[in-house]
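Reading the structure
What follows is the residue order along each chain.
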Amino acid sequence: EPEVTQTPSHQVTQMGQEVILRCVPISNHLYFYWYRQILGQKVEFLVSFYNNEISEKSEIFDDQFSVERPDGSNFTLKIRSTKLEDSAMYFCASSDWGRVADEFFGPGTRLTVL
Amino acid sequence: DQQVKQNSPSLSVQEGRISILNCDYTNSMFDYFLWYKKYPAEGPTFLISISSIKDKNEDGRFTVFLNKSAKHLSLHIVPSQPGDSAVYFCAASGGGSNYKLTFGKGTLLTVNP
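Residues numbered from 1 in each chain as written. Chains lettered and ligands numbered in written order. Predicted model: local features only at pLDDT ≥ 70, side-chain atom pairs only at ≥ 80, totals over all residues. Heavy atoms only, no water.

Considering the overall build of chain B
Rules: Elements are defined by DSSP. Helices are runs of H or I of four residues or more, strands are runs of E of two residues or more, and each kind is numbered from the N terminus. It is over C-alpha atoms that the radius of gyration is taken, and the globule rule equals 2.2 Å times the number of residues to the power 0.38. Classification of residues uses two cut-offs on accessible area relative to the type maximum, computed with a 1.4 Å probe and protein chains only: under 20% is buried, over 50% is exposed, and between them is partly exposed. Whether two residues are in contact is decided by their heavy atoms: any pair within 4.5 Å suffices. Note on areas: these come from Shrake-Rupley sampling with a 1.4 Å probe, and a residue is covered only by the protein chains present in the view.
Of the regular secondary structure elements, chain B holds 0 helices and 11 strands. Relative to a compact globule of 113 residues, whose C-alpha radius of gyration would be 13 Å, chain B shows 13 Å and is just as compact. The buried share of chain B, taken over its 113 residues, is 44%. For chain B, the share of sequence-separated contacts (at least 6 apart) that also reach a separation of at least 24 residues comes to 54%. For chain B, the exposed surface amounts to about 5400 Å²; the carbon and sulfur share of it is 48%.

In C-alpha cells:
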C-alpha cells in the first residue's frame with residue numbers, strides 16, 4: 001500500500017539553527033500539507049501546497065517557515081531559525097483530489113530544539 | 001482558540017463492549033467531520049467521516065453520529081477490540097477552507113482484554 005514517508009524520524013538541533021524536514025508524498029498525489037503537534041496538544045495545520053505554490057497557511061506559518069517541492073518526489077519544510085517552541089512532531093500529508101478525507105499522513109518527524 | 005474539543009483525554013473500555021468517543025465543535029461553518037486513529041510513532045490514519053448533511057455514517061464496527069444543533073459528534077466502536085487501543089482525533093473542515101483540518105486534542109482509548 002502506498003504511504004507517505006518522512007525523514008529524519010528524529011531531529012535534534014540548537015536554537016537558532018536552520019532545519020529541513022523532508023517528506024516523500026504518495027506518488028500520484030497533487031496536494032501536500034504540513035501539520036505539527038506540540039507534545040500534549042492538538043495536531044495543528046501549518047500549510048497546504050498545490051501546483052507549486054502555497055494554497056493556504058495558518059498563523060503559525062510565519063516568515064521563519066517555508067515549503068518547497070525541489071523535485072518531483074520530495075516536499076520539504078524549512079525552519080530558518082529554530083526556536084524552543086518549534087519542538088514538536090511534524091506530520092506531512094498528501095492527497096490526490098484535495099479532499100480532506102483523502103489526506104494520508106506520514107509517520108512524523110520529532111523535532112527537538114535545545 | 002479550541003474550535004474542536006475532545007474533553008476526555010482518556011477512556012478505558014472492556015473488550016467486547018461499546019466505546020463512545022465524543023467531540024464538540026464551535027465553528028458552525030464546519031461542514032465535514034472526520035475521525036482519525038493514531039498509534040505511537042505513526043501518523044494519524046483516517047477512520048471514518050461524516051458530512052454535515054447526514055446525522056449518521058456507519059462502517060463496520062465504527063459509527064459516527066452528528067448532532068448539528070448541539071455541535072456534537074461521537075464515534076461508536078462496537079464491539080471494542082484490544083487492537084483499537086490508540087489515540088482518536090476528531091477533526092473538522094469547511095468554512096471556506098477545503099484543505100485545512102482542525103483537530104481536537106485527542107482521546108486515548110484503552111481496550112482491556
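Describing the overall build of chain A
So the rule is basically this: Here Asp and Glu are counted as negative and Lys and Arg as positive; His is not counted, and neither are the chain ends. Taken as the charge location is NZ of Lys, CZ of Arg, CG of Asp or CD of Glu.
Counting its regular elements, chain A contains 0 helices and 11 strands. Along chain A, helices (α) and strands (β) appear in the sequence β-β-β-β-β-β-β-β-β-β-β when read from the amino end. For 114 residues, the compact-globule estimate of 2.2 N^0.38 gives 13 Å, and the C-alpha radius of gyration of chain A, at 13 Å, lies within 12% of that figure. Here the C-alpha coordinates of chain A stretch approximately 40 × 25 × 25 Å along the principal axes. Taking all 114 residues of chain A together, 49% fall into the buried category. When contacts within chain A are restricted to residue pairs at least 6 apart in sequence, those whose partners lie at least 24 apart make up 54%. As presented, chain A carries roughly 5600 Å² of accessible surface, and 47% of it is formed by carbon and sulfur atoms. For chain A, the distance from the average position of its 10 positive side-chain charges to the average position of its 16 negative side-chain charges is 4 Å.

Structural notes on the packing of aromatic side chains
Convention followed: Note on aromatic contacts: the rings of Phe and Tyr and the six-membered ring of Trp form a pair at centre separations within 6.5 Å, being stacked when their planes are under 30 degrees apart, edge-to-face when over 60 apart, and tilted otherwise.
By the definition in use, this model includes 16 aromatic pairs over all chains. Among the aromatic residues, ring-to-ring pairing joins A:Tyr35, A:Phe45, A:Phe105, B:Tyr36, B:Phe46, B:Phe89 and B:Phe103 into one connected group.

Re the interface of chain A and chain B
It is common to give the size of an interface as the accessible area that goes away when the parts come together. Keep this limit in mind: Buried area is calculated as the accessible area (1.4 Å probe) missing from two parts once they are joined, with the contributions of both summed. Put simply, a salt bridge is a Lys or Arg side-chain nitrogen that is within 4 Å of an Asp or Glu carboxyl oxygen. In protein, a polar contact means a hydrogen-donor-capable atom and an acceptor-capable atom, both N or O and within 3.5 Å, with residues adjacent in sequence counting only if both atoms are side-chain atoms; elsewhere, any N or O pair within 3.5 Å suffices. Residues are grouped as follows: Ala, Val, Leu, Ile, Met, Phe, Trp, Tyr, Cys and Pro are nonpolar; Asp, Glu, Lys and Arg are charged; all remaining types, including Gly, are polar.
Between chain A and chain B, the contact holds 20 residues from the first and 21 residues from the second. Of the roughly 1700 Å² buried at the junction of chain A and chain B (both faces included), carbon and sulfur atoms supply 64%. On the surface where chain A and chain B come into contact, there are 0 salt bridges. The tally of links from chain A across to chain B stands at 2 residue pairs in polar contact (both at pLDDT 80 or more). At the level of elements, strand S4 (31–37), strand S5 (43–50) and strand S6 (53–57) of chain A are the ones that each hand at least two residues to the side of chain A that touches chain B. Looking at which element gives the most residues to the side of chain A that touches chain B, the answer is S4(A), with 4 residues. Considered class by class, the residues forming the side of chain A that touches chain B number 10 nonpolar, 7 polar and 3 charged.

Comments concerning the sheet that holds strand S3 (residues 19–25) of chain B
Residue and element names in this part refer to chain B. Selection rule: Pairs of strands are assigned from DSSP output, requiring at least two bridges between the strands.
Spatial strand order, S1-S3-S8-S7-S6: 5 strands in an open sheet with antiparallel pairing. Edge strands, defined here as strands with exactly one partner in the open sheet, are strand S1 (4–5) and strand S6 (56–59). As judged from the 6 bridges shared by S3 and strand S8 (residues 72–77), these two strands associate in the antiparallel manner. Paired with Cys23 across the two strands is Leu73, which belongs to S8.

What about the state of the cysteines?
Residues and elements named next belong to chain A. To keep it simple, the criterion reads: The criterion for a disulfide is a pair of cysteine sulfur atoms lying within 2.5 Å.
Going through the model one piece at a time under the given rule, you end up with 2 disulfides over all chains. Put simply, Cys23 and Cys92 are joined by a disulfide, and their sulfur atoms are 1.9 Å apart. Judged by the sign of its S-S torsion, about -65°, the bond between Cys23 and Cys92 is left-handed. With Cys23 in strand S3 (residues 19–24) and Cys92 in strand S9 (residues 88–95), the pair connects residues that are 69 residues apart, well separated along the chain.

A closer look at the sheet that holds strand S7 (residues 65–68) of chain A
Sheet strands pair by backbone hydrogen bonding; their relative direction is either parallel or antiparallel. All names here are of chain A. Formally: Note on definitions: angles span 0 to 180 degrees between N-to-C directions of axes, and those axes are lines fitted to C-alpha atoms, for helices only across the stretch in contact.
Taking strand neighbours across the sheet as the criterion, the 4 strands line up as S1-S3-S8-S7 in an open arrangement whose pairing is antiparallel. With one partner strand each, in any of the chains shown, strand S1 (5–7) and S7 form the two edges of the open sheet. When strand polarity is set aside, the average angle formed by the axes of neighbouring strands in this sheet is 20°. When S1 meets S3, the two strands line up antiparallel, connected through 3 bridges.

Re the pairing of strand S5 (residues 45–51) of chain B
Side-chain positions along a regular strand alternate between the two faces of the sheet. Residue and element names in this part refer to chain B. One ladder, built from 6 bridges, connects strand S4 (residues 30–38) with S5; its direction is antiparallel. Considered in S5, the bridge of Leu34 is made with Ser49. The antiparallel hairpin formed by S4 and S5 contains 6 residues in its connecting segment, where Ala41 sits at a positive phi of about 65°.

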